[in-house]
Amino acid sequence: MRKSVTVQDVINKKGKEKITMVTSYDFTMTRIIDTTDIDIILVGDSAGVVMAGGKNTLSITMDQMVYHTMCVTNAEPSALVVGDMPFMSYQVSTEQAVRNAGRFLQEGHAQAVKLEGGKRVIEQVKAIIASDIPVMGHLGLTPQSIHAFGGYKVQGRGKDAATALLEDALRLQDAGIFSLVLECVPADVGKIVTEKLDIPTIGIGAGPFCDGQVLVLQDLLGMFKEFKPKFVKQYAELFGVIKEALETYCKEVREGTFPDLSHSFEE
Ligand code: KIV
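The text that follows walks through the structure, step by step, so that each part is easy to find. (Residues numbered from 1 in each chain as written. Predicted model: local features only at pLDDT ≥ 70, side-chain atom pairs only at ≥ 80, totals over all residues. Heavy atoms only, no water.)

Points about the overall build of the protein
Tallying secondary structure elements over the protein gives 11 helices and eight strands in all. For 267 residues, the compact-globule estimate of 2.2 N^0.38 gives 18 Å, and the C-alpha radius of gyration of the protein, at 20 Å, lies within 12% of that figure. Based on the C-alpha atoms only, the size of the protein along its principal axes is roughly 70 × 35 × 35 Å. Across the 267 residues in the protein, those meeting the buried criterion constitute 49%. Long-range pairs, those at least 24 residues apart, make up 58% of the contacts in the protein between residues at least 6 apart in sequence. In the structure as shown, the protein presents an accessible area of about 13,800 Å², 56% of it carried by carbon and sulfur atoms. Side-chain charges in the protein split into 27 positive and 34 negative, and the spacing between the mean points of these groups amounts to 8 Å. (Helix = DSSP H or I, 4+ residues; strand = E, 2+ residues; numbered from the N terminus. Rg over C-alpha atoms; globule rule 2.2 N^0.38 Å. Buried < 20%, exposed > 50% of the residue type's maximum accessible area, 1.4 Å probe, protein only. Contact = heavy atoms within 4.5 Å. Areas by Shrake-Rupley, 256 points an atom, 1.4 Å probe, with all protein chains shown as cover. Lys, Arg positive; Asp, Glu negative; His and termini not counted. Charge placed at Lys NZ, Arg CZ, Asp CG, Glu CD.)

Dropping the structure here:
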């Protein structure tokens, strides 16, 4: 069994080794993930889409996120587990943010939390870190802001937007975050932010220059067919594999070849 990945291990990888992160939401997939040397498992609020079938990430609740986090940590992965703070679980006040971040560690047994936004959530970030809860930041196309953005659009395009994004990144770093997700920003913006920060950046649609990469597990494995963003690379086609297995099962049950005696009990 490999040594558990810590927040400090993630920080230490900057400039030395690329960081790998995937999402997971349940025990079975986490057990498979943890047979590999993935560094970080993010229990993403993308669960609201790929697990619950929501149109976006806005509907998933704290209770549901804590449940998914517990399902993941029940697999006792050696990867670092980060719980994703859902919409309206930290925006209201610093007190609300600290209490909900605490639930991810206390009830979900995660080691860190992630939340979206820059300077407008800086007080929440500082308060959570002051409670000894490590925080991962998230800038660029932050899906909880989809209605404010007017859709899923690349962020940080143009000098002013890129400068504002870099300022947010530096403020989050000053506040004490241990790493930063950059989602859907031009590759050169990903590169500049990565070069300017001392902490690692983890990209998703942010080009090849980030310190690490993250993908939603169901996208990476080719299981989720509702839509496929440009940045997704499918490393398998599990939709087809699962469909074929289920079709074979139905056929064998219907023709009476399953179960046979080798799958039956003797007296
Ligand atoms: O919820 C999620 O899966 C995420 C990643 C896409 C970074 O936030």
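Considerations on the layout of surface pockets
As a volume, the largest pocket reaches approximately 790 Å³. Forming the walls of the largest pocket are 38 residues, and the residues nearest its centre are E183, C184, I204, P229 and F231. Sorting the residues of the lining of the largest pocket by element identifies α3 (47-50), β6 (179-183) and β8 (212-215) as the ones contributing at least two each. What the second largest pocket holds in volume is close to 330 Å³. If you trace the second largest pocket, you find 20 residues lining it, with G203, Q213, V214, L215 and Y235 closest to the centre. At the level of elements, β1 (19-23), β7 (201-204) and β8 are the ones that each hand at least two residues to the lining of the second largest pocket. Taken together, the residues of the lining of the second largest pocket break down into 12 nonpolar, six polar and two charged. (1 Å grid on protein atoms, 1.4 Å probe; cavity = no way out; pocket = protein on both sides within 12 Å on 5 of 7 lines; lining within 4 Å. Points joined across faces, edges and corners; volume = space filled by probe spheres on them. Nonpolar A, V, L, I, M, F, W, Y, C, P; charged D, E, K, R; others polar.)

Details of the packing of aromatic side chains
Tallied over the entire structure, the rule returns two aromatic pairs. Between F224 and F227, the aromatic rings sit 5.6 Å apart at their centres with planes inclined by 90°, giving edge-to-face as the arrangement. K191 extends its terminal NZ or CZ atom over the ring of F209, reaching a point 5.6 Å from the ring centre. (Phe/Tyr/Trp six-rings, centres within 6.5 Å; stacked < 30°, edge-to-face > 60°. Lys NZ or Arg CZ within 6 Å of the ring centre and 35° of its normal.)

Considering the environment of L215
Inspection of the secondary structure assignment puts L215 in strand β8. The buried category is assigned to L215, whose relative accessible area is 15%. Here the alpha-carbon distance between L215 and Q234, two residues 19 residues apart in the chain, equals 9.7 Å. Once residues lying within four places of it in the same chain are set aside, the contact partners of L215 are M21, V22, T23, I204, L220, F231, V232, K233 and Y235.

Topic: the site of the ligand
Every residue lining the ligand is accounted for by T23, L42, G44, D45, S46, D84, K114, H138, V181, I204 and V216. A distance of 3.1 Å separates an oxygen atom of the ligand from a polar atom in the side chain of D84. Take K114: an N or O atom from its side chain is 3.1 Å from an oxygen atom of the ligand. Summarising the interface, the protein chains cover 96% of the accessible area of the ligand, which totals 260 Å² for the free molecule. Looking at the shell around the ligand, its residues break down into four nonpolar, four polar and three charged. (Near = heavy atom within 4 Å. Polar contact = N/O pair within 3.5 Å; in protein donor to acceptor, adjacent residues only side chain to side chain.)

Thoughts on the pattern of salt bridges
Close approach of charged atoms allows side chains with opposite charge to pair. Within the structure shown, the criterion is met by 14 salt bridges. For the salt bridge of E195 with K191, the shortest nitrogen-to-oxygen distance reads 3.0 Å. One end of the pair is E195 and the other is K191, both in helix α9 (residues 187-196) and four residues apart, which spans about a single turn. What makes K191 partly exposed here is its relative accessible area of 33%. For K251, the salt bridge goes to E255, with nearest N and O atoms at 3.6 Å. Pair noted here: K251 and E255 are both in helix α11 (residues 238-255), with a separation of four residues, about one helical turn. Among the charged side chains, a salt-bridge network with shared partners connects K13, E17 and D39. (Salt bridge = Lys/Arg side-chain N within 4 Å of Asp/Glu carboxyl O.)

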